[in-house]
Amino acid sequence: MGTSLRAEEATEAIDAVIDRIGSAVIVEREFLETVVTGLLARGHVLLEDVPGTGKTLTAVALGDALDLTYNRIQFTPDLLPSDITGTHVYDEHEGEFRFQRGPVFANIVLADEINRAPPKTQSALLEAMDEGQVTVGGETYDLPEPFFVIATQNPIEQEGTFQLPEAQRDRFVVKTSMGYPDRAGELELIDRRAGRTAMMPTVESVVTAEEVTQLRSLPEHVDMKINVREYLVDLARASRDDPRVDVGVSPRGIQRFFEAARARALVAGRTYVAPDDVKAIAPAVMTHRLVLTSEAGIRNVEASDIVADVLNTVEVPGATPEAE
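Residues numbered from 1 in each chain as written. Predicted model: local features only at pLDDT ≥ 70, side-chain atom pairs only at ≥ 80, totals over all residues. Heavy atoms only, no water.

**Side note on a negative patch on the surface**
Here comes step 1: Together, E28, E30, D182 and E186 make up a negatively charged patch on the protein surface.
Here comes step 2: Considering the arrangement of structural elements, one finds E30 in helix α2 (residues 29-40). (Patch = residues over 30% accessible without salt bridge, like charges linked within 9 Å, V, L, I, M, F, W, Y side chains within 5 Å. Areas by Shrake-Rupley, 256 points an atom, 1.4 Å probe, with all protein chains shown as cover. Salt bridge = Lys/Arg side-chain N within 4 Å of Asp/Glu carboxyl O. Lys, Arg positive; Asp, Glu negative; His and termini not counted. Charge placed at Lys NZ, Arg CZ, Asp CG, Glu CD. Helix = DSSP H or I, 4+ residues; strand = E, 2+ residues; numbered from the N terminus.)

**As for the sheet that holds strand β8 (residues 148-153)**
Here comes step 1: Sheet architecture is open: five strands sit in the order β2-β5-β8-β1-β9, paired in parallel fashion. With partners counted over all chains shown, the strands left at the sheet margins are β2 (70-74) and β9 (174-176), one partner each. Averaged over all adjacent pairs, the angle separating strand axes in this sheet is 20°, with direction ignored. (Pairing = 2+ DSSP bridges. Axes fitted to C-alpha atoms, helices over the stretch in contact; angles between N-to-C directions.)

**Some words on the packing of helix α10 (residues 251-267) against helix α11 (residues 275-286)**
Here comes step 1: Two elements in contact, α10 and α11, have axes separated by 9 Å at closest approach and are oriented at 135°. Considered as vectors, α10 and α11 are oriented oblique to each other. For the crossing formed where α10 meets α11, the hand is right-handed. Along the contact surface, α10 presents G253, F257, A260, A261, R264 and A265, while α11 presents D277, V278, A280, I281, A282, V285 and M286. (Parallel < 35°, antiparallel > 145°, perpendicular 65-115°, else oblique. Left-handed = near helix turned anticlockwise from the far one by under 90°. Contact = heavy atoms within 4.5 Å.)

**Re the side chain of N107**
Here comes step 1: By the element assignment, N107 lies in the loop between β4 (96-101) and β5 (108-112).
Here comes step 2: A relative accessible area of 9% means that N107 is categorised as buried.
Here comes step 3: At 2.8 Å, the side chain of N107 forms a polar contact with the backbone oxygen of P146. (Buried < 20%, exposed > 50% of the residue type's maximum accessible area, 1.4 Å probe, protein only. Polar contact = N/O pair within 3.5 Å; in protein donor to acceptor, adjacent residues only side chain to side chain.)

**Focus on the environment of H44**
Here comes step 1: Tracing the backbone shows H44 in the loop between α2 and β1 (45-48).
Here comes step 2: Take H44: its relative accessible area is 6%, and that puts it in the buried class.
Here comes step 3: Considered as a pair, H44 and E113 are 69 residues apart in the sequence and their alpha carbons are 15 Å apart.
Here comes step 4: For H44, the residues in contact, after removing those within four places along its chain, are G38, M129, F147, F148, V149, F172, V173 and V174.
Here comes step 5: A distance of 2.9 Å separates a polar side-chain atom of H44 from the backbone nitrogen of V149.

Read these as spatial facts, not as claims about activity.
Spelled out as C-alpha cells, the structure:
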C-alpha cells in the first residue's frame, strides 16, 4: 500500500486483519468486525464477558496483526491510578526524579476486568482514553499514536464488581461480547491446542502502524446522505422516548453513532453509509448508553430488547446509492 490508501486497498487490509485474527481465535467474524469498527472510528471498545472466552488472545492477535505495541492491565480492587499511568521515581545516579511510564503507554491496551477496580482508578484510564495523554506530577505526557483501548468487564451481577457509571460507559464507542464458541468451535479449540506445544499462537502483521493511522482517518471521507443521517438521529431519539428508559442516547452518543456507522461502512467495503450499516452497528453503539427505569429493572427488561424494539419501529429509509 502506498502513502495514501484507496478504498479498495483499505477494504482488502481490513479483511486481511480480520482473517488473520480469526486464524488465531475461535470467535464469530461479526464480533471481530465490531471491534475493528471501534478501532476505525477512533474510539475504544468495551467487552462484557465471563473469564476464559479469549479476550486476551484477541487483543494480542489484534496488536500482532496491526504491528502495534500491546500491554495488558489486570484491574483489581487495590490497583492505583499510578499503576496505570506511571509515576516519578528517584534516579540515584542522576540525583533527580524521572518519569517511569505505566502500562497505558502502548498502542493497544487491554484493560481486563475494568469494573473490579474502584471508580478513581477506572477514571485514570478513561481520562487517558479521552485526552490521548496523561498528567502526572503536573507534567503531561502524550500517549502513542494510534492509541486503542479494549476494556473488559465482568457481568455486573458477579461478586466484587463496581458498575461503570453511564457517563464512563459513554466513552466507549461500541460495546460487544464474544460469548462462548459453539460446540464445533470448542472442539476446534482443543484440536488446535493438541496440535502445538505453545499456548499462544503467533500472528504475523498484515499492515504497519503507519497504515493503521491512515485506515483510522478514512471514515472521515465516508459519505452519509441526509436521509440516512435522519434515520440515525431518529433511532437515538426514539431510545429517549421509550417509557422503560430513564436516559437514552445522548447528543454525544449520536456523534459516536455517526462515527461508528461510517467506520462500519468501510468494514463492509463501501465509501458511503447504507441504512444496513446503521442497523448493523446500532446495538453495539446504543445498548450500553441506555439507563433503564427502576420498574424496567424489576421486570428484568434488557436494554438490548429496547434497542431491538426501536429498530423495529423506526422507519428505514430506502437504499442509498453511492452517488446521487
